[in-house]
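Structural overview for review
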Amino acid sequence: MAMKLNKELPRPGELKAQYPLAEELVRRKEQRDREIRAVFTGESDKFLVIVGPCSADNEDAVCEYVSRLAKVSEKVSQRLILIPRIYTNKPRTTGEGYKGMLHQPQPDKAPDLLGGLIAIRKMHIRAMAESGLTAADEMLYPENRSYMDDLLSYEAVGARSVENQQHRLTASGMEIPVGMKNPTSGDFSVMLNSVQAAQSPHNFLYRGCDVTTDGNPLAHSILRGGVDKYGTCVPNYHYEDLMRLLELYEKRDLQYPAAIIDANHSNSNKQFREQVRIVSEVLHSRRYHPGLRQLVKGVMIESYLEEGNQPITEHRIYGKSITDPCLGWQETERLLYEIAESV
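Presented here is an overview of the structure given in this document. Bear in mind the structure is a predicted one, so any value in this text is a computation, not a measurement. (Residues numbered from 1 in each chain as written. Predicted model: local features only at pLDDT ≥ 70, side-chain atom pairs only at ≥ 80, totals over all residues. Heavy atoms only, no water.)

On to the sheet that holds strand 3 (residues 135-138). The eight strands lie next to each other as 2-1-12-11-8-5-4-3, forming an open sheet whose pairing is parallel. Of all the strands in the sheet, just strand 2 (80-84) and strand 3 have a single pairing partner and so form its edges. Direction aside, the axes of adjacent strands within the sheet are offset by 25° on average. Where strand 3 and strand 4 (residues 152-157) come together, four bridges link them in parallel fashion. Note that in strand 4 the partner of aspartate 137 across the bridge is glutamate 155. In the packing of helix 6 (residues 188-199) onto the sheet, contacts are made with strand 5 (178-181) and strand 8 (220-223), and the angle to strand 8 comes to roughly 150°. (Pairing = 2+ DSSP bridges. Helix = DSSP H or I, 4+ residues; strand = E, 2+ residues; numbered from the N terminus. Axes fitted to C-alpha atoms, helices over the stretch in contact; angles between N-to-C directions. Contact = heavy atoms within 4.5 Å.)

Laid out in structure tokens, this is it:
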């Protein structure tokens, strides 16, 4: 038999009851959701910065990072909304390698999906309780988001998932902003087709149920660069790319045209220090053209306590990425203040 059933996992409602969100945190999330929504609807001119580790691999390090971020957030709150990246699923191009805390709550141990579900829920709740910030995660597995949908204020659909029908339909039933990345090819039309699908109502099968959705008007684009047929990274954060996206949006009947610019991945060719320069260029383009000021709602930055990355070994450096390389905290803090001064 090609597929072996290991164990039946608890339903999302059962896990939520076991690890509930305190009432004061429910109210805090509602407030944050309203503030973030207002940016996408144009009611607020604050700028979003979605920032944090490539993958959340250690609860203590992630919560320390988010608590540091909260202190900066207090100082820049008139201009910026900081959304910590607490990404608990890691897509793998070949299927090999560390797949995130959901799969391996301890990166150097065997997969444990039940332990992973518990670990990521506890980590998100702790980060929110200690910082007051609600976070972003990636919707790598659409059916898994039901375990976390009461905790997240932002979700992204990755470059390898954005053409998948179940991701698009699931996004149409979400009440928070969902960002659709351009595919690895860099094709804008695929990305905008996904935005359009997510903004539309649907009827489909979800977790064994017949469901109907209203459509999510907060679905939007994320530019993360692409790769050509020779494997060369082709960035798409330049002024000409942003203008092209603006023109394409104007040709479609979509609600709340919006884009987030991912400063890492194929935009930086994973040269993590380039993120500082890329963010600066995006902000300059946004200041130069009024249409881009309305379109570009924020940036994504990969950052952790320590810069760079490291292999998964027994003696790992605390707060250093075990997947893609990240900016360190000092440079991140300086960049956040520069963004606040520039928007």
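Turning to the pairing of strand 8, a few remarks are in order. Inspection of the sheet shows strand 5 paired to strand 8 by three bridges, in the parallel sense. Opposite methionine 180, over in strand 8, you have serine 221 as the bridge partner. Pairing of strand 8 with strand 11 (residues 259-262), which is carried by three bridges, proceeds in the parallel orientation. By the bridge assignment for strand 11, isoleucine 222 is matched with isoleucine 260.

This brings us to helix 4 (residues 113-131). For helix 4, spanning 19 residues, the distance from its first C-alpha to its last is 27 Å, which sits close to the expected 27 Å at 1.5 Å a residue. Of the residues trailing helix 4, glycine 132 is marked for its positive phi of about 80°. (Expected span 1.5 Å × (residues − 1).)

Moving on, we come to the pattern of salt bridges. Summed over the entire model, instances satisfying the criterion amount to 17 salt bridges. Note that lysine 16 is salt-bridged to aspartate 149, the shortest N-O span being 2.6 Å. Here the residue lysine 16 occupies a position in helix 1 (residues 12-18), and aspartate 149 occupies one in the loop between strand 3 and strand 4, the gap between them amounting to 133 residues. We classify lysine 16 as partly exposed; its relative accessible area is 22%. A relative accessible area of 27% places aspartate 149 in the partly exposed class. (Salt bridge = Lys/Arg side-chain N within 4 Å of Asp/Glu carboxyl O. Buried < 20%, exposed > 50% of the residue type's maximum accessible area, 1.4 Å probe, protein only.)

Within the largest apolar cluster, 83 residues are counted, with the highest numbers of intra-cluster contacts made by Val49, Leu245, Ile261, Val299, Ile301 and Ile339. Tallying contributions element by element places helix 3 (residues 59-76) first for this core, with nine residues. Once residues within four sequence positions are removed from consideration, leucine 245 is found in contact with Phe188, Met191, Leu192, Ser221, Leu223, Ala259 and Leu295. Judged by nonpolar contacts, the second largest core, of 16 residues, contains Ile50, Ile83, Tyr154 and Ile222. (Core = buried A, V, L, I, M, F, W, Y, C linked by side-chain atoms within 4.5 Å.)

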